[in-house]
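Remarks on the overall topology
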Amino acid sequence: MKDKAGSTITSKQLIFIIVGSQLGIRILFLPREISKVAGEDAWLCVLIATIAPIIAIYIIDRLGKRMPDMGYTQMSQALFGKFFGSLLVVIFIGYIIGFESLIVRIFSEVTKLYLLPKTPLPVVLFMYVFTVVYVGNKGLRVIGRLNELLFYLILANFLVLLIPVGQGDYTNLLPAGVSGWDGMAMGSLKAVYYYAGFEILLVLYSLVNRKDEILKAGMIATAITTGLYITIVVICELVFGVTGMQEQLFPALILLKVVQIPVVERLEFIFLFFWLGMGARSAINSGFAAALSLTQLLHVDEKKYLLYLLIFIGLAIYIVALLPENLIAVFKLSTYAGYGFYVVGIAYPIIYYIMALARGEKVEQSA
Amino acid sequence: MKKAYRKAPKDEQAWKEEKQKIPDTKLPPALKDKMQMLQPFLQKGADIITRSFYLEGDPPISAVSIHLNKVIDDETLNQDILRPLMINWHKDSIQGLGAQNLIDAIYTTSITTSQISKRDTFASLVQTIYDGLTVLLFDGIEEVLVIDIHGGEFRAIDAPPAEQTMRGSREGFIERLDINLALVRRRLRDPNLVVVKTLVGKRTRTQVAILYIEDIADPNIVTEVKNRVDQMNLDGIVASGYIEQFIEDSPTSIFPQVFITERPDKLVAMLLEGRVAIIADNTPLSFAVPALFVQFIQAPEDYYEKTFFSSYIRVLRYISLLIAISLPALYIALLTYQPELIPYDLLISFARARANVPFPVIVEALIMEVIIQMVIEAGLRLPQQIGQTVGVVSGIILGQAAISAKLASPIVILIISISIICTYALPSASLVLTVRLVRLPIMLLASIFGLFGIAFGWVIIQAHLIGMESMGVPYFGPLAPMRYADLKDSFIRTFMKKMNQRPVSIPMQDRKRQGNDGKEPQQQ
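Owing to the predicted nature of the structure, the values given are computational and were not obtained by experimental measurement. (Residues numbered from 1 in each chain as written. Chains lettered and ligands numbered in written order. Predicted model: local features only at pLDDT ≥ 70, side-chain atom pairs only at ≥ 80, totals over all residues.)

The interface is formed by 22 residues belonging to chain B together with 21 residues belonging to chain A. For the side of chain B that touches chain A, the class distribution of residues is 17 nonpolar, four polar and one charged. (Contact = placed C-beta atoms within 7 Å. Nonpolar A, V, L, I, M, F, W, Y, C, P; charged D, E, K, R; others polar.)

Residues and elements named next belong to chain A. Packing of helix α1 (residues 11–22) against helix α10 (residues 214–246) leaves a shortest axis separation of 8 Å and a crossing angle of 35°. For the pair α1 and α10, the crossing hand works out as right-handed. Between α1, through Ser11, Leu14, Ile15, Ile18, Val19 and Gln22, and α10, the contact on the second element is made entirely by Ile214, Ala217, Gly218, Ile220, Ala221, Ile224 and Thr225. Counted by class, the contact of α1 with α10 contains nine nonpolar, four polar and no charged residues. (Axes fitted to C-alpha atoms, helices over the stretch in contact; angles between N-to-C directions. Helix = DSSP H or I, 4+ residues; strand = E, 2+ residues; numbered from the N terminus. Left-handed = near helix turned anticlockwise from the far one by under 90°.)

Relative to the helices and strands, glycine 57 of chain B is located in the loop between β1 (48–55) and β2 (61–68). Residue glycine 57 of chain B is classed as partly exposed on the basis of its C-beta count, with 13 C-beta atoms lying within 10 Å. (Buried ≥ 20, exposed ≤ 12 C-beta atoms within 10 Å, placed from the backbone.)

All names here are of chain B. Backbone torsion omega between glycine 477 and proline 478 reads 0°, so that peptide bond is classified as cis. Examined against the element boundaries, proline 478 turns out to sit in the segment after β12 (473–474). Of note, the bond from alanine 480 into proline 481 is cis; its omega dihedral lies within 30 degrees of zero at 0°. Phi at asparagine 282 is positive, roughly 75°, even though this residue is not glycine. Checked against the element boundaries, asparagine 282 lands in the loop between β9 (276–280) and β10 (286–289). A positive phi is found at lysine 406, a non-glycine position, where the angle reads about 65°. Here lysine 406 is to be found in the loop between α14 (384–404) and α15 (410–424). Classification of lysine 406 as partly exposed rests on a count of 13 C-beta atoms within 10 Å.

So, on to the nonpolar core. Core analysis: the biggest nonpolar cluster contains 223 residues, and Leu204 of chain A together with Ala277, Ile332, Ala365 and Ile454 of chain B have the highest contact counts within it. Top element by residues in this core is helix α5 (residues 72–114) of chain A. It accounts for 19 residues. Counting contributing residues per domain, this core is built from domain 2 (177–291) and domain 3 (314–474) of chain B, each supplying no fewer than three. Setting aside residues no more than four positions away along its own chain, alanine 277 of chain B makes contact with Leu211, Tyr212, Leu267, Met270, Leu271, Ser286, Phe287 and Ala288 of chain B. Counting residues in hydrophobic clusters, the runner-up holds 20 residues, among them Ile61, Ala63, Ile66 and Val144 of chain B. (Core = buried A, V, L, I, M, F, W, Y, C linked by C-beta atoms within 7 Å. Domains from an automatic or database assignment.)

All names here are of chain B. Taken as a whole, chain B shows an average pLDDT of 85; of its residues, 92% reach a score of 70 or greater. The element-level mean pLDDT for chain B is lowest in helix α1 (residues 2–20), coming to 52, with β9 highest at 95. Predicted confidence is poor over residues 1–8, with pLDDT under 50, and the contacts of this stretch with residues over four places away or in other chains come to zero contacts. Scored as a whole, the predicted complex attains pTM 0.87, and scored at its interfaces, ipTM 0.89. (pLDDT = per-residue confidence, 0-100.)

What follows deals with α14 of chain B. Residue and element names in this part refer to chain B. Its 21 residues place the ends of α14 29 Å apart at the C-alpha level, agreeing with the 30 Å of an ideal helix rising 1.5 Å per residue. At leucine 398, α14 is bent by approximately 30°, the largest bend along its length. Burial analysis of α14 places just one of its 21 residues in the buried class, a small minority of the element. One or two residues past the end of α14 sits lysine 406, with phi positive at roughly 65°. (Expected span 1.5 Å × (residues − 1). Bend = angle between axes of the 7 residues up to and from the residue.)

Bringing the packing of helix α2 (residues 26–38) of chain A against α10 of chain A into the picture now. All names here are of chain A. Between α2 and α10, the least distance of the axes is 9 Å, while the angle of their chain directions is 60°. By the criterion of interaxial angle, the relationship of α2 to α10 is oblique. Crossing hand, α2 versus α10: right-handed. Listed contacts from α10 to Ile27, Leu30, Pro31, Arg32, Ile34, Ser35 and Lys36 of α2 are Tyr229, Ile232, Val233, Cys236, Glu237, Val242, Met245 and Gln246. (Parallel < 35°, antiparallel > 145°, perpendicular 65-115°, else oblique.)

A separate point is the domain arrangement of chain B. Much of the literature gives interface size as the accessible area that the parts lose upon coming together. Each domain of chain B was delimited in the assignment, giving domain 1 (21–147), domain 2 (177–291) and domain 3 (314–474). Its C-alpha centre places domain 1 of chain B at a distance of 63 Å from the equivalent point of domain 3 of chain B.

We now examine helix α3 (residues 42–49) of chain A. All names here are of chain A. Burial analysis of α3 places six of its eight residues in the buried class, the great majority of the element. Three or more residues of α3 are buried, namely Ala42, Trp43, Leu44, Cys45, Val46 and Ala49. Along its buried surface, α3 packs onto α2, α4 (51–66), α8 (180–192) and α10.

All names here are of chain B. As paired elements, β1 and β2 share eight bridges and run antiparallel to each other. What sits directly across from serine 52, in β2, is valine 64. Between β1 and β2, which pair antiparallel one after the other, the connecting turn spans five residues. In this structure, β2 lies alongside strand β4 (residues 134–138), joined through four bridges in antiparallel fashion. Each bridged residue has a counterpart across the sheet, and for isoleucine 66 the counterpart in β4 is valine 135. (Pairing = 2+ DSSP bridges.)

As a further point, take the confidence of the model for chain A. The predicted coordinates should not be examined in detail at positions where pLDDT is low. Looking at chain A, the pLDDT average stands at 86 and 94% of residues meet or exceed 70. The low-confidence segment residues 1–5 of chain A (pLDDT under 50) makes 15 contacts with residues lying over four places distant or belonging to another chain.

Picture the strands of a sheet paired through backbone hydrogen bonds; they go either parallel or antiparallel. Residues and elements named next belong to chain B. In space, the five strands of this open sheet follow the order β1-β2-β4-β5-β3, with antiparallel pairing throughout. Both edges of this open sheet fall to β1 and β3 (116–119), since each of them pairs with a single strand only. Strand-to-strand twist of the sheet, defined as the mean angle between neighbouring strand axes without regard to direction, takes the value 25°. With four bridges joining them, β3 and strand β5 (residues 144–147) adopt antiparallel strand pairing. Bridging from a neighbouring strand, serine 117 pairs with valine 146 of β5.

See below:
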């Protein structure tokens, strides 16, 4: 199995692709959403929620080890038969379109809110979708490298968020365990949704050149994401406190309003300026995965048709992203996207693995 | 109709080639016959010089030398070829020798030049004459002697005008390939340095040399370069830029993909890192492939000066690259969309300066940008004295007049000037051209989408750079794919002693560069 450019990605690039798919716009409102349910224990919930991606990645790895050279579509069809296999892939693609359109929409809204208040939304959305198609068309190797480069840029940018720490009050983190078992469980369940993005591994597994390092790469990626998430949640709690946080739409961005630095008048603009470039990143990764699965599903030549299918996926994301009326509706819809993630990110690997155990011998021989 | 038209030239081409083909027959022994065959060619070239003479003997052997005027070294021809043959001829030694032995005797005993060979077909005879070699024809002998005494007038070795350095060699390449190769050989006396010569261009038959160090360069890249040069099928190249455009990986990209230098010391450094070099005759430049993006921001002094200065200057160059591309765009974006980001006092002075200018910021900036680009273009080809006048007129009068005429604000002139200066702070002429071109779309994006437009433009540029390859080597390495080992020679340059391994970004066979394990690198 090779991609358009006849290439594979390294396990190092896989780390950055997974991190890139997870870390995006959601970091801006993650602290608010989780602390709403779990209060002061939000950071603990983020940590507990790590169990889900760890288990899922482990299962995907076990699954992939059984059929290392099969693409995602082939694997589905081999395990579930032609019809049900295709159906599962179609649901997967539909999920990606829905999920990414929400992310692209939120990004466009933030862009509009801060940088381009008068530009029509469809125009801003178009720029994001154009980036997705342009980069996706360059093939997996380029996507891997772009994720790698952007990760370092994003990390440098992330350091800006650490500046307000000095103004925080550590008592805001106390008391621990105040939300109780219920709140903690609900919060963790909610936090799991913020790890969405690793399901791309289902598609990419066969394209990684060293299969034995995939599990390790997945774990490192999860660790990086968790670390950054916890940092941002803790900083927000320190500076705003839980109740203060609920008032803000994007607490992580408001953080930068707290600090005053000479010469740079508005720090959050600098942050956004760099962050925007990364906005399309998770959409690029997932959009490519969807288009790739689609080529396999339709049995068409990848080299020739990848661009058209990317345009199709991009168009679908564009249209779905325009559907919700406003940002409030988008946040409501994101709850459903969360359910979609529970199905595709958590349930899919488990179902696939059970099926592989049941029909294992037969499928492996046919592969 | 279009189709019919397309087909016709193909036949025509074949017909032409058939017509022009020189018959590849064996040469006849008699001098008279040979000259008769050559007659049509000799008639066409008024600068082909034939000189008849004869070798003393019993009977005397008549002979003719043919060469192109002023392409060869006349002195050598007279002293080392004609004089010994006509005057100091060892006629005793050739008595009773057959035709085959005769010619060997002539060149082993009488001709004192070193580059000499034999030809026996008519086509190769004609071709060698036009390649600028001297040909000796003898009566009664089928084979002819071909002597390479290239010479004539050419430019002396000069300091490289576009790549001056404070430290380091003052020698630059010149138009003669052989001299250029000698300049490289003098600096790199390694027996493993391979020089392969090929001819490019059906009509110009330009000599192109491909150089690489056998036990460092990656054989795949070497074959790839050779293939690409061999596949060039055109009537002629008059400068090496033709080769660059034929062998680069993505001709549609505006970024330079071949590293061009006119300094032999720089080329040797490239060869030592495992690159393959190409030098074409008649152009005082050389290429090195594969090229990486970071290379275009590095200058030879970076390695000649101490680490601290080189690193500092290198970081400055990266900053100037960023400024050159995005400063005008940033000005436009901030003034049009986010004036609140500019410190308050500065904003007031900006507004005052712009108060009298009737145009939007983008129009103002575009006017100045285009004018300055035209000034650069105008000054480029003028003689130096007039060029200075253009500089003064544009720099002092034009700028002042534009401000008084309220065509532009002083700020925009300042911004554009800074970006131009930063453009020319880049050490590579090919990157300068790219930056001049990239600035425009970023400015337009900034005027439509503000800061978001600039960010968008940079992401597209990044993705474009990452997707590019030079001879199959990732162009944006060592940044993406990230190679930690090579970072010590990208943004900064570490201490010479620490750079003990060759960069991984360029495929090579031998990683070790320095013997820091106690053994000295082998001395010659």
